[in-house]
Amino acid sequence: MIDAVATDSSSTSSSSSEAKPRRARRTRMTGAERRQQLLEIGRTLFATKGFEGTSVEEIAAKAGVSKPVVYEHFGGKEGLYAVVVDREMRRLLDMVTGSLTAGHPRELLEQAAFALLDYIEEYTDGFRILVRDSPIPQSTGSFASLISDIATQVEDILGKEFKSRGFDPKLAPLYAQALVGMVALTGQWWLDVRRPKKAEVAAHLVNLAWHGLDGMEPKPRLIGHRKA
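Residues numbered from 1 in each chain as written. Predicted model: local features only at pLDDT ≥ 70, side-chain atom pairs only at ≥ 80, totals over all residues. Heavy atoms only, no water.

Notes on helix 9 (residues 172-193)
Each α-helix turn comprises 3.6 residues. Residues three or four places apart therefore point the same way.
Okay, so step 1: Spanning 22 residues, helix 9 covers 32 Å between terminal C-alpha atoms, matching the ideal 32 Å at 1.5 Å per step.
Okay, so step 2: Buried residues of helix 9: Ala172, Ala176, Leu179, Val180, Gly181, Val183, Ala184, Gly187, Trp190 and Leu191, and no others.
Okay, so step 3: Positive backbone phi, approximately 55°, marks Arg194, located one or two places after helix 9. (Helix = DSSP H or I, 4+ residues; strand = E, 2+ residues; numbered from the N terminus. Expected span 1.5 Å × (residues − 1). Buried < 20%, exposed > 50% of the residue type's maximum accessible area, 1.4 Å probe, protein only.)

Structure follows, in structure tokens:
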């Protein structure tokens, strides 16, 4: 009988022990993992709320850490924002310049248009951050300077095309800025409407750019009253 009671007692003790929920082990992040987590959280918040609308408190809360952790990694909100913007600008520039692989100028225009639209589609938050007016100076400059960097890549392509057609290659920088600016502004509009489809947007951009170049006058004339 004593054995039976002992067995029951042991069984009850065992079952009550098993019934207790086990505490989940919290995996401690490495410094690199925590930094990446904060970058991703900051990126999302800056895209939706902007720099002024985002606070260190909110970033820390979403990461499940205290404010000093954010300061430890980035020195504050400004430092985090600067890293986010620099990363996005480098990513976009790499995507555009890396896409220019074709030999024919028209296909190069298509590749550049697709690269920007691909970036907008895949990294929407990043593009939203880039097209906002940055409240702090960036080591890689502004969105306008980024567009200028991309235009420099296009400038070489246009310069060769102008030379082969008998146009003044010195005008290539002007046309490069115009072409890249056209694609960038269209991209900002497409960011929200997402119509028509990406391939169709690229086709229309190239249609305007290419046929405009194809029928371009070597010395364009003004037909209005104003001449200066």
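From this point, the discussion proceeds with the structure in view.
Section: the environment of Tyr119
Okay, so step 1: On the secondary structure map, Tyr119 appears in helix 6 (residues 105-122).
Okay, so step 2: Residues Tyr119 and Glu88, spaced 31 residues apart in sequence, show a C-alpha to C-alpha distance of 9.6 Å.

Focus: the packing of aromatic side chains
Okay, so step 1: Tallied over the entire structure, the rule returns seven aromatic pairs.
Okay, so step 2: Between Tyr119 and Phe127, the ring centres sit 6.2 Å apart and the planes meet at 75°, which makes this aromatic pair edge-to-face.
Okay, so step 3: When its relative accessible area of 0% is taken as the criterion, Phe127 is described as buried.
Okay, so step 4: Among the aromatic side chains, those forming a connected cluster through ring pairs are Phe46, Phe51 and Tyr81.
Okay, so step 5: When the ring centre of Tyr123 is taken as origin, the NZ or CZ atom of Arg91, which lies over that ring, is 4.1 Å away.
Okay, so step 6: In this arrangement the basic side chain of Arg194 is found over the ring face of Trp190, its NZ or CZ atom lying 5.1 Å from the centre. (Phe/Tyr/Trp six-rings, centres within 6.5 Å; stacked < 30°, edge-to-face > 60°. Lys NZ or Arg CZ within 6 Å of the ring centre and 35° of its normal.)

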